[in-house]
Amino acid sequence: MKIQRIFTIVKMEVRRQVMDPLVLIFTLLLVPAMVLIFGLTMGSNYGWSSQYTIFEIMLPGFLTYACLLTIYDSAASVTGERELGLQKRLYSTPLTSREYISSQMISYTIKPVIQLFLALGMAFIVGFRPLNGLLGYILIILFMVVLTFCSVGFGMITSTFSNSASTAGGLAFIFIVPQQVFATFIPPDFIGAGSFKWIFPSYYATDAVGMIFAGNSLTNSVIWARMAILAVMSAIIYLAGLYFYERMKKR
Amino acid sequence: MLHITKDTGLDYNSSKQSPRAYAIEVDHLSKSFKGKLEDVKAVNQISFGIERGEIFGLLGPNGAGKSTLISMLTGILSPTSGNAYIGGHSIIDDLQPVKEMMSVCPQEPALYKFLSGMANIEFFGKMYLMSDEQITRRAEELLRQLGLFDFKDRLVRAYSGGMLRQLSLIVSLISDPDILFLDEPTVGMDPRNRRKVWDFLGNINSPEKTIILTTHYIEEAEALCNRVAIIDFGELLALASPAELIKKYDVDNLEDVFMEITGRSIMEGSY
């Protein structure tokens, strides 16, 4: 893998994302705005639990959601490039599939991480004070980065089956919505969906982030088991993304 | 053993030269696509060789199989059967060295529209691991030759169609490739720009640089190519220099050669 190629693509992708400031601001502010609104409206509502407010229960899911949206972004971007013939042009250069997917992972991690900082800032503004301090925040960011890598893999898979950027945008929600519903926003056990949650990568991130927010020790084996499972799932999805991307190249 | 197709002008059996001496060697290459009722053979058992330093034309109407053949040679499509060797490397088993020595100018000017012309050139130069200095030096030279230097910092979305095609050509030449594939490089250009590109391609041709050009413009093939392969319905119908083909069929130009061989005009298209 050649770092020069990877960072050239990352630079281009960042320029693509900042080219339309309105879209950039909207997509960057969506999750932080949701955090602010829910913080203000549900910050003192203990409707789901006597120990935590609805906002505190949902906050990890909001953070995870920012990462899940990467599936849409990366799938639409790759498919759009294919429509324009840019993917074929890239295939004909010495760029390898591994370099390309690695560049996508880095490029599409930047936005969720910015959203994460903004969302945590909003949560702080509405009075949310997690119990694990700076190290806790660092671990949360690590979880989100791994989940974003996984999402880019899903994005690559989605783009394989899409003929246009708009189709890719629609198909991406096949991977986004179940993760969102069964393993992100709503605590799975709450709606009897507990038996599904294990198959979704977002569950492991959401659950672990919730534990960190709740003040569990950062050496807690459950948190690290969640990280291990999420990392393995991400690696599998990455390999699947690589496989499907290779197939797409030759289509 | 390579198949000898009629009029290919090649006879690997009798040649003392090893087939590997060719810059490009195509060996029974085929590509089929799944159709609703039956498979469609876009390229059917084509074999030929291209010598180093040649400008080689693939001539045929739209849908003849030229772009499919180019796509296979550049690793974009996998052949259904057969193989090809570029600089001695198989396109099936050893593609990476092939990609490092060649470049493609696709039929559509595939460029990043939100980047400037220069940024596009830099982007693709870096795919070949060129340094900033190398890219700047080569880009300036190419931009000046094609008259785009003053527009290099303009966003590509503001380029005209002709400028886009010329920029696409510059992008494909930035790495100074040994082997250059040009897929209909002047389609849609006005006659003045087309002539400019022909002059440019004539100038960059050298004994080290092999150019493979697909076109359905007869005058383009006649003006540029040392040899042409006439392709239709995925079959290689003839291969020789334009002058040899014209002489052989005792006609006035390549259009008439095509008419003699296929019974129709090249501009009619295959479908």
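Residues numbered from 1 in each chain as written. Chains lettered and ligands numbered in written order. Predicted model: local features only at pLDDT ≥ 70, side-chain atom pairs only at ≥ 80, totals over all residues. Heavy atoms only, no water.

Chemist: I would appreciate a short explanation of the overall build of chain A in the present structure.
Modeler: For chain A, the helix and strand inventory stands at ten helices and zero strands. Starting at the N terminus, the α and β elements of chain A follow one another as α-α-α-α-α-α-α-α-α-α. A globule of 251 residues ought to have a C-alpha radius of gyration of about 18 Å, and chain A, at 18 Å, matches this closely. Across its three principal axes, chain A shows a C-alpha extent of roughly 60 × 35 × 30 Å. Taken over 251 residues, chain A has a buried fraction of 55%. For chain A, the share of sequence-separated contacts (at least 6 apart) that also reach a separation of at least 24 residues comes to 78%. With an accessible surface of roughly 10600 Å², chain A has 71% of that area assigned to carbon and sulfur atoms. (Helix = DSSP H or I, 4+ residues; strand = E, 2+ residues; numbered from the N terminus. Rg over C-alpha atoms; globule rule 2.2 N^0.38 Å. Buried < 20%, exposed > 50% of the residue type's maximum accessible area, 1.4 Å probe, protein only. Contact = heavy atoms within 4.5 Å. Areas by Shrake-Rupley, 256 points an atom, 1.4 Å probe, with all protein chains shown as cover.)

Chemist: Help me out: how do you make sense of the interface of chain A and chain B in this one?
Modeler: Reports of interface size often rely on the accessible area that becomes lost once the parts have come together. At the junction of the two partners, chain A supplies 25 residues and chain B supplies 31 residues. Buried area between chain A and chain B, summed over both chains or domains, comes out near 2600 Å², and the portion from carbon and sulfur atoms is 63%. Linking chain A to chain B there are seven residue pairs in polar contact (both at pLDDT 80 or more). Counting only elements with at least two residues in the side of chain A that touches chain B, the list comes to helix H1 (3-19) and helix H4 (86-91) of chain A. With eight residues, the top contributor of residues to the side of chain A that touches chain B is H1 of chain A. Partitioned by chemical class, the residues of the side of chain A that touches chain B number nine nonpolar, six polar and ten charged. (Buried area = accessible area lost by both parts, 1.4 Å probe. Polar contact = N/O pair within 3.5 Å; in protein donor to acceptor, adjacent residues only side chain to side chain. Nonpolar A, V, L, I, M, F, W, Y, C, P; charged D, E, K, R; others polar.)

Chemist: When you look at the pairing of strand E6 (residues 102-105) of chain B in this model, what are you seeing that I'm missing?
Modeler: Remember that side chains alternate between the two faces of the sheet whenever the strand is regular. All names here are of chain B. Side-chain alternation along E6 places Met 102 and Val 104 on one buried face and Ser 103 and Cys 105 on a second face that is also buried. Judged from the four bridges that link them, E6 and strand E7 (residues 179-183) form a sheet pairing that is parallel. Across the sheet, residue Met 102 finds its bridge partner in E7, namely Ile 179. (Pairing = 2+ DSSP bridges.)

Chemist: Quick question: what am I supposed to make of the sheet that holds strand E9 (residues 227-232) of chain B here?
Modeler: Sheets are built from strands paired through backbone hydrogen bonds, the pairs being either parallel or antiparallel. All names here are of chain B. In space, the six strands of this open sheet follow the order E6-E7-E8-E3-E9-E10, with mixed pairing throughout. Of all strands in the sheet, those with a lone pairing partner are E6 and strand E10 (235-240), marking the two edges. For this sheet, the mean angle separating the axes of adjacent strands, direction not counted, is 15°. (Axes fitted to C-alpha atoms, helices over the stretch in contact; angles between N-to-C directions.)

Chemist: I tried to follow the sheet that holds strand E4 (residues 81-86) of chain B on my own but got confused; where do I start?
Modeler: Residue and element names in this part refer to chain B. Strand order in the open sheet formed by four strands is E2-E1-E4-E5, with antiparallel pairing between adjacent strands. Strands at the two margins of the open sheet, each flanked by one partner only, are strand E2 (40-50) and strand E5 (89-90). Relative to E5, E4 runs antiparallel, the two sharing two bridges. Within E5, the residue paired with Ile 86 across the bridge is His 89. Here helix H1 (residues 66-73) sits on the sheet in contact with strand E1 (24-33), E2 and E4, set at roughly 115° to E1.

Chemist: I tried to follow the pattern of salt bridges on my own but got confused; where do I start?
Modeler: When their charged atoms lie close together, side chains carrying opposite charge are able to pair. Tallied over the entire structure, the rule returns 15 salt bridges over all chains. Across the pair Arg 226 of chain A and Asp 207 of chain A runs a salt bridge, and its minimum N-O distance is 2.8 Å. You can see Arg 226 of chain A sitting in helix H10 (residues 221-249) and its partner Asp 207 of chain A sitting in helix H9 (residues 201-213), a full 19 residues away along the chain. For Arg 226 of chain A, a relative accessible area of 12% corresponds to the buried category. One salt bridge connects Lys 152 of chain B with Asp 153 of chain B, and the closest N-O pair in it is separated by 3.4 Å. Taking the relative accessible area as the measure of exposure, Lys 152 of chain B reaches 18% and is therefore buried. The class for Asp 153 of chain B is exposed, based on a relative accessible area of 57%. (Salt bridge = Lys/Arg side-chain N within 4 Å of Asp/Glu carboxyl O.)

Chemist: Whenever I open this one, the confidence of the model for chain B confuses me. Can you help?
Modeler: For any part of a model where pLDDT is low, the fine detail of the predicted coordinates should not be relied upon. All names here are of chain B. Mean pLDDT over chain B works out to 87, with 90% of the residues at or above the 70 mark. Confidence, read as mean pLDDT per element, is least for helix H9 (residues 254-262) in chain B (85) and greatest for helix H3 (residues 117-127) (97). Counting contacts from residues 1-20, a segment whose pLDDT is below 50, to residues more than four positions away or on other chains yields 42 contacts. Across the predicted assembly, pTM comes out at 0.85 and ipTM at 0.84. (pLDDT = per-residue confidence, 0-100.)

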